[in-house]
Amino acid sequence: MSVENAPVVDVDEAAIPVEKKMYYRFESNDKKEFRVSELAIQQSETLNRLVEAMGYTSEDVENKPAIAIENIDGKTLKLVFQWCEHHKGEAIPVDDGSVPKIVEIPEFDAKLMDIDNGLLFKLIWAADYLNIVQLLNVSCKKVANMAQGKTPAQLRRVYLLPSDEEDEAAKRAAQEAQDPRAREVEEEFEERKRQGGNSFF
Amino acid sequence: MVVESFPILRLPSLAREKVLKFLIPIQVFLLSQFSKRMRYAVKSEYRNTGQELSVSVHSSSMLICTHFSGKITGEFYVNEIEISNEWGMRIGSKSFKKRFIRLTLRIYNRNSQEYTKQLLEEFIDVFSFPIAKMSFSPDKEDYKSMIQWVNTYSQKTQLIIVNGPRVPVERYFYVLEHLESPNNVEFQLLIEDHDSRSSRIPTFRAEKIKFIYGDFIRLRHLKSFNGKEYIIREATINDKELNEFLRGLAAGANPNLRRLKLERYGKAVIDDVLKNLRAGKIGEYSDYEEQWSFELENGNQAILTYDELLPRIEESSIDIVINRD
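Quick caveat: nothing in here was measured; it's all calculated off a predicted structure.

## Observations regarding helix H6 (residues 117–129) of chain A
- In this model H6 of chain A runs 18 Å from its N-terminal to its C-terminal C-alpha over 13 residues, within 8% of the 18 Å that 1.5 Å per residue would give.
- Those residues of H6 of chain A that sit buried are Asn117, Leu119, Leu120, Phe121, Leu123, Ile124, Ala126 and Ala127 of chain A.
- Those residues of H6 of chain A that are buried are in contact with helix H4 (74–86) and helix H7 (133–145) of chain A together with helix H1 (13–22) of chain B.
- At the N-terminal end of H6 of chain A, a side-chain oxygen is found 2.9 Å from the backbone nitrogen of glycine 118 of chain A, two or three residues along, and the residue is aspartate 116 of chain A.
- The positive-phi residue at the C-terminal boundary of H6 of chain A is asparagine 131 of chain A, with phi of around 55°.

See below:
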């Protein structure tokens, strides 16, 4: 099944079969709504537990407000649900943590993830948040593949790794942004030291 | 060419752990060297991977391999000969072997042993893999400091291999006296002038002791070991000497020994080997394999198996297993 033909749809785009199979409604943080089959939801441990806990009937699904997913935007959530619909019913892999991991990226997934790295980052974040094991596997594999054939210097650039000095500078900047008074106190302290004072107080 | 980029440090920990575990160990090690933050991430997330280290140290070089289920997942080669201190190899290029890759760290104008020590420390710190095997050659003049170095890892190393070309018997004795290994030790050394020395042979302690070239092992040397298992290939021990050893064993010598295997023993006259041990034949388990048992003074039982290989009689072996309570 191609990415384009995946059954996830925005709620206002098409008529949705609601008999027999239950389709849940979810809303992204930018108010995009999606209908997702019960079977597809099982790919996400987080959502599966959520809908089980809610115990919705078919009527509830239609009549109650869509379930809000507040920290994922519509563009990302669409990819997530497309993936879940395509892989619905598949066994969820058990990760024993060992290496080397052997994960092949299926053609569908490769096409789905033919996106810019900003969106890929959001997709991984969403897969982690929603606990979708295999989507996390394939998306992380794609990130790992970026290291192929790279020199050490290129590796640093590929994974945007700052030096210790850059990290320190960023940390200082973040602290100052959080608490401008801290910088003022520090400057005052330095000024008193210059004037020969032994104690700040 | 535009290099694509991805902020790996901003990923959730579980996702970054997955990315790291998809990478080969060489890439993970390189990443750990870029910054303190990345090093911390590698140390805390690249764990429990089931991988092991094997380390081979020489005077001017060191090879560290990472393994998973017996297969090599990475090779780190440290060599002082090259005239560059750059990490010059391109990872994943076609010049590497297909099944794994090697990273060469070239040292120039530095104390190579110090550098290799530091690098190994770094490896163990970053990866926290168990050391499955550590091998070294006492063939150069710096063998004393090398043994001292190996000793710092002997407690956590499963197998230490002492290898190399011919070494003088004095140097071999130094290894016996100073190598601290409570685990397994395998000697793959050829010893020079082993007949010329008549002074005391040092006691050597290890759980398992194996000699690949054991032709210099005679009765006196065999008695000097203190361990649970000895496997010696081509020992120069005759039936009468072996009988003397077994009688000592029956009388209470070598109280820790649970197994002695003499590989490539050659033709044995079992009546001579078991003389005065009141041994009884257990049976024949194959055309060539026969077993006898005899009792030690403390009531434990020993079983001797003689595997006579024909027509290659020189490859026949004797295996003695002591059932300690």
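## Focus: helix H8 (residues 239–251) of chain B
Residues and elements named next belong to chain B.
- In this model H8 runs 18 Å from its N-terminal to its C-terminal C-alpha over 13 residues, within 8% of the 18 Å that 1.5 Å per residue would give.
- By the burial criterion, the buried members of H8 are Asp239, Glu241, Leu242, Asn243, Phe245, Leu246, Leu249 and Ala250.
- Each element contacted by the buried residues of H8 is listed here: helix H7 (219–223), strand S12 (259–263), helix H9 (270–273), strand S14 (289–295), strand S15 (301–307) and strand S16 (317–323).
- Between the side-chain oxygen of the N-cap and the backbone nitrogen of lysine 240 there are 3.2 Å, and the N-cap of H8 in question is asparagine 238.

## Section: the UniProt feature "domain: SKP1 component dimerisation" (unreviewed entry) in chain A
- According to UniProt, the feature "domain: SKP1 component dimerisation" (unreviewed entry) maps to residues 134–178 of chain A in the numbering used here.
- Counting secondary structure, residues 134–178 of chain A comes out at 76% helix and 0% strand; the distance between its end C-alpha atoms is 38 Å.

## A few points about the side chain of arginine 35 of chain A
- On the secondary structure map, arginine 35 of chain A appears in strand S3 (residues 33–37).
- Residue arginine 35 of chain A is classed as buried on the basis of its relative accessible area, which comes to 9%.

## Some remarks on the confidence of the model for chain B
All names here are of chain B.
- Residues with a pLDDT of 70 or more make up 86% of chain B, whose mean pLDDT is 84.
- Note that residues 81–100 has pLDDT below 50 and, in this model, 42 contacts with residues that lie over four places away or in other chains.
- As a predicted assembly, this complex carries a pTM of 0.79 together with an ipTM value of 0.80.

## Comments concerning the UniProt feature "domain: SKP1 component POZ" (unreviewed entry) in chain A
- Following the UniProt record, the feature "domain: SKP1 component POZ" (unreviewed entry) maps to residues 26–88 of chain A here.
- Structurally, residues 26–88 of chain A comprises 52% helix and 14% strand, and the distance from its first C-alpha atom to its last is 17 Å.

## Topic: the side chain of glutamine 291 of chain B
Residue and element names in this part refer to chain B.
- With respect to the helices, strands and loops of the structure, glutamine 291 is situated in strand S14.
- Using a relative accessible area of 16% as the deciding quantity, one classes glutamine 291 as buried.
- Side-chain polar atoms of glutamine 291 contact the side chain of threonine 305, separated by 2.9 Å.

## Some words on the environment of arginine 156 of chain A
- Considering the arrangement of structural elements, one finds arginine 156 of chain A in helix H8 (residues 152–158).
- Sequence spacing of arginine 156 of chain A and aspartate 114 of chain A is 42 residues, and the spatial spacing of their C-alpha atoms is 23 Å.
- Those residues in contact with arginine 156 of chain A that lie beyond four places of it in its chain are Leu161, Pro162 and Ser163 of chain A together with Phe34 of chain B.

## A look at the pairing of strand S6 (residues 157–168) of chain B
Residues and elements named next belong to chain B.
- Of the pairings in the sheet, the one linking strand S5 (residues 131–136) to S6 comprises five bridges and is parallel in character. Counted as the bridge partner of serine 135 is isoleucine 161 from S6.
- Where S6 and strand S7 (residues 184–192) come together, eight bridges link them in parallel fashion. Bridged to valine 162 within S7 is phenylalanine 187.
- The β-α-β motif built from S6, the intervening helix H6 (residues 169–178) and the parallel element S7 has right-handed crossover chirality.

The rules behind the values
- Each residue is numbered by its place in its chain's sequence as written, counting from 1.
- Whichever chain is written first is A, and whichever ligand is written first is 1; the rest continue in order.
- Given that the model is predicted, a residue must reach a pLDDT of at least 70 before its local features are reported, and side-chain atom pairs must reach 80 or more before they are shown or counted; all residues, however, enter totals for whole chains, interfaces and linings.
- Side-chain descriptors were evaluated using all non-hydrogen atoms of the structure, hydrogens and water having been removed beforehand.
- By the criteria applied, helices consist of DSSP H or I runs no shorter than four residues and strands consist of E runs no shorter than two, each listed in order from the N terminus.
- Multiplying 1.5 Å by the residue count of a helix minus one yields the expected span of that helix.
- Classification of residues uses two cut-offs on accessible area relative to the type maximum, computed with a 1.4 Å probe and protein chains only: under 20% is buried, over 50% is exposed, and between them is partly exposed.
- Throughout, a contact is declared for two residues whenever any of their heavy atoms are within 4.5 Å.
- Whenever a nitrogen or oxygen atom comes within 3.5 Å of another N or O atom, the pair is scored as a polar contact, on the condition that within protein one atom can donate a hydrogen and the other can accept it, and that pairs from neighbouring residues in sequence are kept only if both atoms are in side chains.
- UniProt positions are given in the numbering used here, feature names are shortened, and annotations may be inferred rather than shown by experiment.
- By definition, pLDDT measures how confident the predictor is in each residue, and it falls between 0 and 100.
- Note: two strands are recorded as paired if DSSP finds a minimum of 2 bridges between them.
- With the strands pointing away from the viewer, any crossover whose connection runs clockwise from the first strand over the helix to the second is right-handed.

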